[in-house]
Amino acid sequence: MRGLIIAVPNKGRLREPALRLLDSAGIRRIDDDRVYLANTTMDGVQVLSVRAMDIPVYVYNGIADLGITGRDVIAETGLEVYELADLGFGACDLVVAVKEGSPHGQPKDLPQGSKVATEFPNLARRYFNENGVQVEIITLRGAVEIAPVLGLVDGIVDLSSTGATLERNGLKPIGKVLSSTARLICNKVSYRTKYDMVEKMVNRIRGRL
Amino acid sequence: MENRFRETFELWGYREVRTSTVDYFDIIRGGAGEGFADSIFKVQDSDGRLLSMRGEVTTQIARMLVSKARSEGRLFYITNCIRFMEAKPLSQREFWQAGAELVGGREAEADAEVIALSLGALESVGIREARVDLGNVELFRRVAERFGIGDFDALRRAVASKSLGDLKRVTPDEGAQEALSCIMTRRGGPEVVRELSGMVGEGFDGYADYFDELFGLLKTYGCADRVRVDLSTLREEMKYYNGTVFEIFLGGLGVPIGGGGRYDSMMKEFGLGDTRATGFAMSVDLCVKALEASGLGLEGPRASTAVLYCDGFRDKAIRLACEMRRKGIICTVERYSGQGEGIAVGREIVDLRTGRRYAP
């Protein structure tokens, strides 16, 4: 049976802390940065670098056995994977935000039919459904904060760790969809068929937290 | 592959049933739950009533049994199902399912039978490495009640995803955390349930006894070494399970190939209280994929023999072919062109491979 493949984000705020964590657990990439599936200093363990949003997809389908990605992304894809450890780093909230001068103080106040831009359409839709507001979701791929000011949308659902980016773009948070941190996730079948390898790896990583 | 499944189910005394491709949406939602109902295709009847395309079969069978007031029986199906699955690239929207339902019988005996049958059906197509993980939905619910955990949905999410961090957020109670950690992290034989029952106190010995009996039976069936207890197995996508549930999986394939469990409560909801029922379903497509990945593949159809007639002997050849088929020999009738292998029919009947006179 082949060894373990651990998926980590290929860029973004989670990549460096994820690689540092693996490094401290004795797993260091030995191939150069352009190699997406890299061998490591640990025999039989490979590191796969893909987009954070895609990591649950690779892990759910068993292409990668383990993965490091945000709770926000796992929830957005809605795929069933095990979350074997809360890694603590990458803390942020997924929030609803509107323009600074908006009269709306909470998501429930938004008028029916409001337009909302987000990178998290599934979570946003579910959140507004639960709050009884019908919104039109517009999916963007980044820099979502600029959309309200330019008049594309009435509000956004986006990640915020300190609130600084929201503020700099003239926005205020009015509700929280969820809190997120980086998680160590595992494929449900790998957990069972590679139990010893997975347990050993998870314990090594937990020991470094 | 379907035929192998069919033969195995019939050997175990199960009878094939066919269910309707469309059904009333309300009934399916009532049986399988809201979450599942979201994933099925809906169409409107001519009078505006909402219909659903078959997304799974158990609910349909349960309702059929109830309408016939039957509280016992062994049934199986091999059919296509259609579901909307946005984020699951492996799965296609239409897939083939093979499954069996055992209605009636004692709990441990029936559960052991369907687990052994599922592994037996997989063996019959050449999948011998399948494994089963067992959980128990009722046991889990009672543990949650025992510790008075209010946010049951959050707890279920934490347990199903084995997230100890989320568990701590759901309950600060140390006793609860210890018991639920056991549910989430321990994997093994029936001793896991005994260990858990020691942690949660009185009233849980019955579950440990049940699991002991179940494993004893599985041992007799010769498959206990392929079955493990992992009490975080909840199969939460279907709301109808209320007792032992299980998932069937295989190394190298990222998602379970099937699963099942006990659904007495759905029989009750449909109006047949006190009826016991358990069953399972497996994805035929994933079985094919698993065989292809392992390089095994299914054996092709059995070889066919050509019955080759020389001019003037066509009727004799057809009569011979009919006789061969009665004896179970697969054959075709073709005109002899001077070459090819098979049985040549002229004044004499000759097996061209051996050169000897042929008698079927």
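Positions within a chain are numbered from 1, following the residues in the order the chain's sequence is written. Following the order in which they are written, the chains are lettered starting with A and the ligands numbered starting with 1. Where local features are concerned, this predicted model is filtered to residues with pLDDT of at least 70; where side-chain atom pairs are given and counted, the filter is 80 or more; whole-chain, interface and lining totals use all residues. In computing side-chain values, all of the structure's heavy atoms are included and hydrogens and water are not.

### What to know about the sheet that holds strand E11 (residues 182–186) of chain A
Residues and elements named next belong to chain A.
In step 1: Think of it this way: DSSP has to see at least two bridges between two strands before they count as a pair. For helices the rule is a DSSP run of H or I covering at least 4 residues; for strands it is a run of E covering at least 2, with both sets numbered from the N terminus onward. Pairing is mixed across the open sheet formed by six strands, whose spatial order is E2-E3-E1-E4-E11-E5. Looking at strand neighbours, the two that pair on one side only are strand E2 (37–39) and strand E5 (82–86), the edges of this open sheet. Averaged over all adjacent pairs, the angle separating strand axes in this sheet is 30°, with direction ignored.
In step 2: Examined bridge by bridge, strand E1 (residues 4–9) and strand E4 (residues 66–70) share two bridges and lie parallel to one another. An axis is simply a line fitted to the C-alpha atoms; with a helix, the fit covers only the stretch in contact. Between two such axes, the angle follows the N-to-C directions and lies from 0 to 180 degrees.

### A closer look at the pattern of salt bridges
In step 1: Salt bridges are defined as contacts in which a side-chain nitrogen from Lys or Arg sits within 4 Å of a carboxyl oxygen from Asp or Glu. Evaluated as defined, the whole model comprises 36 salt bridges over all chains.
In step 2: With a shortest N-O distance of 2.9 Å, Arg192(A) and Asp133(B) are connected by a salt bridge. Of the two residues, Arg192(A) is situated in helix H6 (residues 188–193) and Asp133(B) in strand E7 (residues 131–136); the pairing between them involves two chains.
In step 3: For Asp311(B), the salt bridge is made with Arg335(B), and the minimal N-O distance between the two is 3.1 Å. With Asp311(B) in the loop between strand E12 (305–309) and helix H14 (314–326) and Arg335(B) in strand E13 (residues 331–335), the pair connects residues that are 24 residues apart, well separated along the chain.
In step 4: When salt bridges with common partners are traced through the structure, they connect Arg71(A), Glu83(A), Asp86(A), Arg183(A), Asp166(B) and Arg169(B) into a single cluster.

### Comments concerning the sheet that holds strand E6 (residues 92–99) of chain A
Residues and elements named next belong to chain A.
In step 1: The strand order E8-E7-E9-E6-E10 describes an open sheet built from five strands, whose pairing is mixed. Of all strands in the sheet, those with a lone pairing partner are strand E8 (135–139) and strand E10 (171–180), marking the two edges. Pairwise comparison of adjacent strand axes, ignoring direction, gives a mean angle of 25° for this sheet.
In step 2: Across six bridges, the pairing between E6 and strand E9 (residues 155–160) is antiparallel. Looking at the pairing, Val98 lines up with Gly155 of E9.

### Some remarks on the packing of aromatic side chains
All names here are of chain B.
In step 1: The aromatic pairing rule takes the rings of Phe, Tyr and Trp, using the six-membered ring of Trp, and pairs them if the centres are within 6.5 Å, calling planes under 30 degrees apart stacked, those over 60 edge-to-face and the rest tilted. For the structure shown, the criterion picks out 12 aromatic pairs over all chains.
In step 2: A centroid spacing of 5.1 Å and a plane angle of 85° characterise the contact between Tyr210 and Phe211, whose relative ring orientation is edge-to-face. Each member of the pair, Tyr210 together with Phe211, is buried.
In step 3: Between Tyr240 and Tyr241 the ring centres are 4.9 Å apart and the planes differ by 70°, which places this aromatic pair in the edge-to-face class.
In step 4: Here's how the labels work: a residue is buried when its accessible area is under 20% of the maximum for its type, exposed when over 50%, partly exposed in between, all with a 1.4 Å probe on protein chains only. Take Tyr240: its relative accessible area is 3%, and that puts it in the buried class.
In step 5: Note that Arg142 overlies the ring of Phe204, its terminal NZ or CZ placed 4.8 Å from the centroid.
In step 6: Two conditions define a charge sitting above a ring: the NZ of Lys or the CZ of Arg must be within 6 Å of the ring centre, and it must be within 35 degrees of the ring normal. If you follow Arg146 out to its NZ or CZ, it ends over the ring of Phe147, 4.8 Å from the centre.

### Describing the interface of chain B and chain A
In step 1: Listed per partner, the contact involves 27 residues of chain B and 23 residues of chain A.
In step 2: Roughly 2,000 Å² of surface becomes buried between chain B and chain A when both sides are summed, with 50% attributable to carbon and sulfur atoms.
In step 3: Run the count over chain B and chain A and you get four salt bridges.
In step 4: Across the pair Arg169(B) and Asp86(A) runs a salt bridge whose closest N-O atoms are separated by 3.4 Å.
In step 5: Two N or O atoms form a polar contact when they lie within 3.5 Å of each other; inside protein one atom must be a possible hydrogen donor and the other a possible acceptor, and for residues adjacent in sequence the pair counts only when both atoms belong to side chains. At the boundary of chain B with chain A, the tally comes to six residue pairs in polar contact (both at pLDDT 80 or more).
In step 6: At the level of secondary structure, the elements contributing two or more residues to the side of chain B that touches chain A comprise helix H8 (164–170), helix H9 (174–185) and strand E9 (244–249) of chain B. For this analysis, residues touch if any pair of their heavy atoms sits within 4.5 Å. Accessible area that two parts lose when put together, evaluated with a 1.4 Å probe and summed over both, is termed the buried area.

### Notes on the packing of helix H7 (residues 152–160) of chain B against H9(B)
What describes two packed helices is the angle between their axes and the distance between those same axes.
Residue and element names in this part refer to chain B.
In step 1: Direction vectors running N to C along H7 and H9 enclose 45°, while the axes themselves pass 9 Å from each other. The orientation of H7 with respect to H9, classified from their angle, is oblique. Contacts between H7 and H9 involve Leu155, Ala158 and Val159 from the former and Leu180, Ile183 and Met184 from the latter.
In step 2: Here the term charged refers only to Asp, Glu, Lys and Arg, the term nonpolar to Ala, Val, Leu, Ile, Met, Phe, Trp, Tyr, Cys and Pro, and the term polar to all other amino acids, Gly among them. Its residues assigned to classes, the contact of H7 with H9 comprises six nonpolar, no polar and no charged. Angles are sorted into four bins: roughly parallel if under 35 degrees, roughly antiparallel if over 145, roughly perpendicular if 65 to 115, and oblique for all others.

### Here's the deal with the environment of Ser118(B)
All names here are of chain B.
In step 1: Relative to the helices and strands, Ser118 resides in helix H5 (residues 107–124).
In step 2: You can call Ser118 buried: its relative accessible area is 0%.
In step 3: Residues Ser118 and Gly279 lie 161 residues apart in sequence; the distance between their C-alpha atoms is 9.2 Å.
In step 4: Ignoring sequence-local partners within four residues, the contact set of Ser118 consists of Phe246, Ile248, Phe280 and Met282.
In step 5: Within the structure, the side chain of Ser118 is placed 2.7 Å from the backbone oxygen of Ile115, a separation counted as a polar contact.

### Description of the domain arrangement of chain B
In step 1: These domain limits were set by an automatic method or by a database of domain assignments. Taken domain by domain, chain B holds domain 1 (2–293) and domain 2 (305–351).
In step 2: The centre of domain 1 of chain B, based on its C-alpha atoms, is set 52 Å off from the matching centre of domain 2 of chain B.

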